[in-house]
Amino acid sequence: MNNITNIRAGRVLVALLLLLAAFGAVSMTPAAATAGTAAAAAGDVCQGKTLVMGTSPDYPPYENTDAKNGGAIIGLDIDIAKSIAAKLGCKLEITGMDFNGLIAALQTGRVDFVMSGMSVTEERKKSVDFSDTYYVARNTIVSAKENAYQSLDQLAGKRVGAQLGSTQESVAAAIDGAAVKKLNKVTDLIQEIKSNRIDAAIIEDAVALDNIETNPDLSFAMLPAGATEEGYAIAFPKGSSLTPAFNEALKDMDASGEKQRIIDAWFGKHDAVQAKSGLIDFSSLDGYTGFILRGTLVTLLFTLVSALLGFIWGTILSLFKLSTVKPLQWFATVYTSVFRGTPLLLQLVLIYYATPQLTGYDIPALLAAGLAFGLNSAAYLSETIRGGIMAVDRGQREAAMALGIPYRTMMVSIIFPQAVKNILPALVNECVALIKESSLVSVIGVADLLRRASEVQAATYRALESLLFVGAIYYVLVLVLTSLARLLERRLRRSD
């Protein structure tokens, strides 16, 4: 009886809750009802987990790096994403990368969604799903004031720039006889115009306005809306359960007016940084030096990890090559051939994007960079170490064998120390190469020295000062390393 009573009481309680819910739904305002729908849509897809957003932080006012105030990524897209995440009860993590790598990051599971002023196109729909449009933009022609262009017809046969992977790229490609130059960043296009390497660039309206405000020597002309109107939307992996939840949240923001308030706050109301004139003006780095210098720690950490991995694995490979076991020799030879015969950048991108796709493990960018550089370095060091071992006098081995010293002890205590001493200059050269080649890691979003310099360039619209500053840091790092190596060589000579 008690069980029957409890069941009946439970049914009554459920009925009362349903009645209250129905009453609440009827009495809710449209915005509140939409918010409830958004929360319900998110119930099974969020549950307090962290969503990773991919963006290309070089497209103000949509997204850019606030290099002067700690290096956080800010912008219109960021504020909208934060609002949506809050409505859905999710935590938000923002990852910066180049625009042309965003869809690849979605497809390999590196990010949960992409928000980066991305237009909806039929070609992109084949690879990803899109949310409802959250902003409609128009294209413009940006050119130098002394030779301003007003229409696409005037650009026929001219040098025209566009951001790689953007819809503006297809607009530029359709211009009759135009030589199209594709670059990763809008700030790079602006520099190309100012350097007279291109005649004009096709850029979205809000971004063009931001650039004109900071570069008074440039002008822009709005293209007709009928032919170039662009709708920006949030991109998701195919079949993502986040899409309906985000759509409901966007409807909520529309109904409450929150989205329009965010748009108004970023378009035309942010402070523009006036681009400085003159050949070299290091005062343009005021407030940015600390941000750049923090990249030194990343570069040093990456170099240390890569050098250690390369040396250890390179030593093992060199022993494989000296082994009498044929499969080990073949493996080491093929490994060296593959890693020396393919570009380092290709190896880096493969490890970063393919690892999640093949194993399901979301490998951090810095770890992927350390692995790629370490494995590549090992291929070169294996030959260097093998040569050093072979250069040790054969009498050393014969004497050790005559004394009955085990092979492992002989190699570790007698042969290998002498080999390292012989190849020390080559090892230092490899470390120097790792420090300089570390600049490649910026393509997968690692905030090293070069990437930070690029972000400062995007903020100041001056490339020379930040690049010279970073170049000086690289030079000092290499100088310190070579000086330490010389001290070590002198000490080893004294021991002779």
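In short, a report on the structure.

Cut-offs applied
- Residues numbered from 1 in each chain as written.
- Predicted model: local features only at pLDDT ≥ 70, side-chain atom pairs only at ≥ 80, totals over all residues.
- Heavy atoms only, no water.
- Helix = DSSP H or I, 4+ residues; strand = E, 2+ residues; numbered from the N terminus.
- Buried < 20%, exposed > 50% of the residue type's maximum accessible area, 1.4 Å probe, protein only.
- Contact = heavy atoms within 4.5 Å.
- Areas by Shrake-Rupley, 256 points an atom, 1.4 Å probe, with all protein chains shown as cover.
- Axes fitted to C-alpha atoms, helices over the stretch in contact; angles between N-to-C directions.
- Parallel < 35°, antiparallel > 145°, perpendicular 65-115°, else oblique.
- Left-handed = near helix turned anticlockwise from the far one by under 90°.
- Nonpolar A, V, L, I, M, F, W, Y, C, P; charged D, E, K, R; others polar.
- Pairing = 2+ DSSP bridges.
- Expected span 1.5 Å × (residues − 1).

## With respect to the overall build of the protein chain
The helix and strand inventory of the protein chain stands at 19 helices and 15 strands. Expressed as a percentage of its 496 residues, the buried residues of the protein chain come to 46%. Nonlocal contacts in the protein chain, meaning residues at least 24 apart in sequence, comprise 75% of its contacts between residues at least 6 apart. Entry remark: accessible area of the protein chain is about 24,200 Å², with carbon and sulfur atoms responsible for 60%.

## Regarding the packing of helix α14 (residues 344-359) against helix α15 (residues 365-391)
Viewed as axis vectors pointing N to C, α14 and α15 meet at an angle of 140°, and their least axial separation amounts to 9 Å. In this view, α14 runs oblique relative to α15, as classed from their interaxial angle. As for the relative orientation of α14 and α15, their crossing is right-handed in sense. Counting all contacts with α14, which are made through Leu-344, Gln-347, Leu-348, Ile-351 and Tyr-352, the residues of α15 involved are Ala-365, Ala-368, Ala-369, Leu-371, Ala-372, Phe-373, Leu-375 and Asn-376. For the contact of α14 with α15, a count of residues per class yields 11 nonpolar, 2 polar and no charged.

## Points about the pairing of strand β9 (residues 139-144)
Within β9, 6 of the 6 residues are buried, which leaves it mostly tucked inside the rest of the structure. Here 5 bridges tie β9 to strand β12 (residues 200-204), and the two strands are oriented antiparallel to one another. Within β12, the position partnered with Thr-140 by the bridge is Ile-203.

## A short note on helix α8 (residues 205-214)
Here α8 lies mainly inside the structure; 8 of its 10 residues are buried. Residues of α8 that are buried: Asp-205, Ala-206, Val-207, Ala-208, Asp-210, Asn-211, Ile-212 and Thr-214. In the core, the buried residues of α8 are packed alongside β2 (58-59), β8 (135-137), β9, α7 (186-194), β12 and β13 (218-222).

## A word on helix α18 (residues 449-460)
Along its 12 residues, α18 runs 16 Å from first to last C-alpha, staying within 8% of the 16 Å computed at 1.5 Å per residue. Burial within α18 is extensive, with 10 of its 12 residues counted as buried. Among the residues of α18, those classed as buried are Leu-449, Arg-451, Arg-452, Ala-453, Ser-454, Glu-455, Val-456, Gln-457, Ala-458 and Thr-460.

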